Amino acid sequence: MKENSQFIVFITITITIFGLTAIVNSQTDSCSSSLNLQNVNLPFDAASLNCHAVWDSQSYILRYSQTTPGTWTFVLSAPAANSYIAMGFSSNGQMTGSSAIVGWVSSTEGGVIKRYYLGGTSSDLVEVDKGNLVLTNFSFITNQSSTVYMGFQLVADQPQSRLIYSVGPTGLLPVAPNYRLTEHFDKVSTTINYITGQTSSTGSPYTRLRRSHGALNMLGWGILMIIGIIVARHLKSYDPLWFYLHIGIQSFAFVFGIIGVICGFVLENKTNADVSAHKALGIFILVLGCLQVMAFLARPNKVSKARKYWNWYHQSVGRLLIILAVANVFYGIHLGDEGTGWNAGYGAVLAILVVIAVILELKLWFRK
């Protein structure tokens with residue numbers, strides 16, 4: 001039984017550190033192949049389109065050209081995945097305030113292409129058939145050889161060079177009559193030089209700092225702290241190994257958490273963002289962490305009468321810290337507009353930790 005518990009805890013740590021899954025997207029379209037669409041009559045020479053890979057992680061390929069004076073043709077391709085694909089035109093690289101072309105292929109309506117104005121991060125602020133994009137009557141979206149192709153013509157002397165690409169969550173397609181757009185699964189902001197075709201990812205200002213803040217706090221307060229609690233509760237038969245593992249894991253968690261909080265203060269100072277609730281929770285969590293450190297330094301001897309009260313205090317503060325940390329991590333993901341990818345990833349880690357904790361609790365209960 002001891003070996004089983006030790007093995008389960010070891011697997012928990014290994015899975016968390018080295019990741020849960022590896023997702024590999026196979027690119028079914030490439031610029032080395034010609035654009036040969038079946039059942040689509042193109043009012044232009046497909047060979048005249050410039051072609052560039054614009055989003056490697058999602059295998060997005062963009063073909064474009066000024067086919068006639070004042071008219072630009074775009075053909076975006078991506079792996080078919082029962083989700084919408086979108087291409088937005090932005091003045092500043094931000095999704096809010098941009099206009100987008102969104103397309104999908106459903107079993108009920110077939111291929112659908114819609115314009116959207118992205119007035120904010122809430123779905124209520126995303127308006128269908130709105131925006132400043134002027135299109136011709138030519139547009140199409142079709143599935144072919146496991147690839148979805150979306151084409152349209154934009155009336156403009158020079159399209160905006162800040163382009164945003166996104167992909168929707170699998171299985172959640174907009175439906176008539178409102179065609180409400182669900183939050184994207186992933187997105188990327190890029191710039192393009194229409195003359196040279198050079199494309200580069202821009203990201204929003206301080207993207208790296210924001211993600212470092214989120215990742216450090218998620219790993220420290222929201223993952224390692226939980227693993228440390230599991231170790232302390234279920235490996236006590238391995239004395240004193242459990243103690244050193246518990247202290248080591250919680251120490252790393254505390255250090256990562258402090259660095260994450262510092263990143264948060266720097267980020268707030270640079271962006272002047274209104275994140276008062278998120279900040280207050282973060283400070284309170286840091287205070288709880290400091291109290292745990294002081295409690296460790298002032299812990300009474302095992303034979304002391306005060307030890308049982310110390311244990312109650314130490315465990316209660318730890319549980320409160322974990323609950324608030326998990327809530328604040330999800331709240332921070334929401335504020336950072338990181339989409340469902342971060343939510344799903346952190347949720348999956350939590351689910352694994354919860355399942356392991358329940359299994360160990362059942363083993364402990366049956367043993368008694």
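Provided above is the structure to which this section pertains.
Below is a summary of the structure that appears in this document. (Residues numbered from 1 in each chain as written. Predicted model: local features only at pLDDT ≥ 70, side-chain atom pairs only at ≥ 80, totals over all residues. Heavy atoms only, no water.)

1. Overview of the overall build of the protein chain
Keep this limit in mind: Secondary structure is summarised from DSSP: a helix means a run of H or I of at least four residues, a strand means a run of E of at least two, and numbering begins at the N terminus for each. Every residue pair with non-hydrogen atoms within 4.5 Å of one another is taken to be in contact. Where accessible areas are quoted, they stem from the Shrake-Rupley method and a 1.4 Å probe; at the residue level, only the protein chains shown are allowed to cover.
Looking only at helices and strands, the protein chain has six helices and 12 strands in total. Look at the contacts in the protein chain between residues 6 or more apart in sequence, and 64% of them connect residues 24 or more apart. Per element, the accessible surface of the protein chain, about 19700 Å² overall, is 59% carbon and sulfur.

2. Some thoughts on the sheet that holds strand E3 (residues 71–79)
Two modes of strand pairing occur in sheets, parallel and antiparallel, and in both the strands are linked by backbone hydrogen bonds. The following threshold applies: The rule for pairing is simple: two strands pair if DSSP sees at least two bridges between them. Working convention: axes come from line fits to C-alpha atoms, limited for helices to the stretch in contact. Angles between N-to-C directions cover 0 to 180 degrees.
Pairing is antiparallel in the open sheet, where five strands are placed in the order E1-E2-E3-E9-E8. Every other strand in the sheet has two partners, leaving strand E1 (50–55) and strand E8 (135–144) as the edge strands with one partner each. Across the sheet, the mean angle separating the axes of adjacent strands is 20 degrees when strand polarity is ignored. In terms of strand pairing, strand E2 (residues 60–68) meets E3 through seven bridges, oriented antiparallel. For leucine 62, the partnering residue across the bridge sits in E3 and is leucine 76.

3. Notes on a nonpolar patch on the surface
We apply this condition: What makes a patch is a set of residues exposed beyond 30% relative accessible area and free of salt bridges, joined within 9 Å when like-charged and within 5 Å when nonpolar (Val, Leu, Ile, Met, Phe, Trp, Tyr). Within this document, salt bridges are pairs made up of a side-chain nitrogen of Lys or Arg and a carboxyl oxygen of Asp or Glu, the two lying within 4 Å of each other. Under the scheme applied here, a residue whose accessible area is under 20% of the maximum for its type counts as buried, over 50% as exposed, and between as partly exposed, the area being computed with a 1.4 Å probe on protein chains only.
A grouping of Phe265, Ile283, Phe284, Val287 and Leu320 is seen on the molecular surface, where their side chains present a nonpolar patch of about 400 Å² in accessible area. With three residues, the top contributor of residues to the nonpolar patch is helix H4 (residues 276–297). By the element assignment, valine 287 lies in helix H4. Given the relative accessible area of 40%, valine 287 is considered partly exposed.

4. Things to note about the packing of aromatic side chains
Keep this limit in mind: Note on aromatic contacts: the rings of Phe and Tyr and the six-membered ring of Trp form a pair at centre separations within 6.5 Å, being stacked when their planes are under 30 degrees apart, edge-to-face when over 60 apart, and tilted otherwise.
Tallied over the entire structure, the rule returns 19 aromatic pairs. With a centroid separation of 4.9 Å and an interplanar angle of 70 degrees, the aromatic rings of tryptophan 55 and tyrosine 60 are classed as edge-to-face. There is no split in this pair, since tryptophan 55 and tyrosine 60 are both buried. Taken together, a centroid distance of 5.4 Å and an interplanar angle of 25 degrees make the contact between phenylalanine 74 and phenylalanine 152 stacked. One end of the pair, phenylalanine 74, is in strand E3; the other, phenylalanine 152, is in strand E9 (residues 147–155), and 78 residues separate them in sequence.

5. Focus on H4
Worth spelling out the cut-off: In this scheme, a helix's expected span is set at 1.5 Å multiplied by one less than its residue total. This arc corresponds to the set of directions leading from the helix axis out to the C-beta atoms.
End to end, H4 covers 32 Å across 22 residues, agreeing with the expected 32 Å (1.5 Å per residue, within 8%). Those residues of H4 that fall on the buried side of the exposure criterion are His278, Gly282, Ile285, Leu288, Gly289, Gln292 and Ala295. Down the axis, H4 shows its buried residues gathered within 140 degrees of arc, on one side only. Away from the buried face of H4 by more than 90 degrees, exposed residues Ser276 and Leu297 are located. Considering only its buried residues, H4 is in contact with helix H2 (207–234), helix H3 (241–271) and helix H5 (307–335).

6. Observations concerning the environment of tryptophan 221
Considering the arrangement of structural elements, one finds tryptophan 221 in helix H2. Taking the C-alpha atoms as reference, tryptophan 221 lies 6.1 Å from alanine 253; in sequence the two are 32 residues apart. Excluding its chain neighbours within four sequence positions, the residues that come into contact with tryptophan 221 are Ala253, Phe254, Gly257, Ile258, Val261, Ile285, Leu286, Gly289, Leu321, Ile322 and Ala325.

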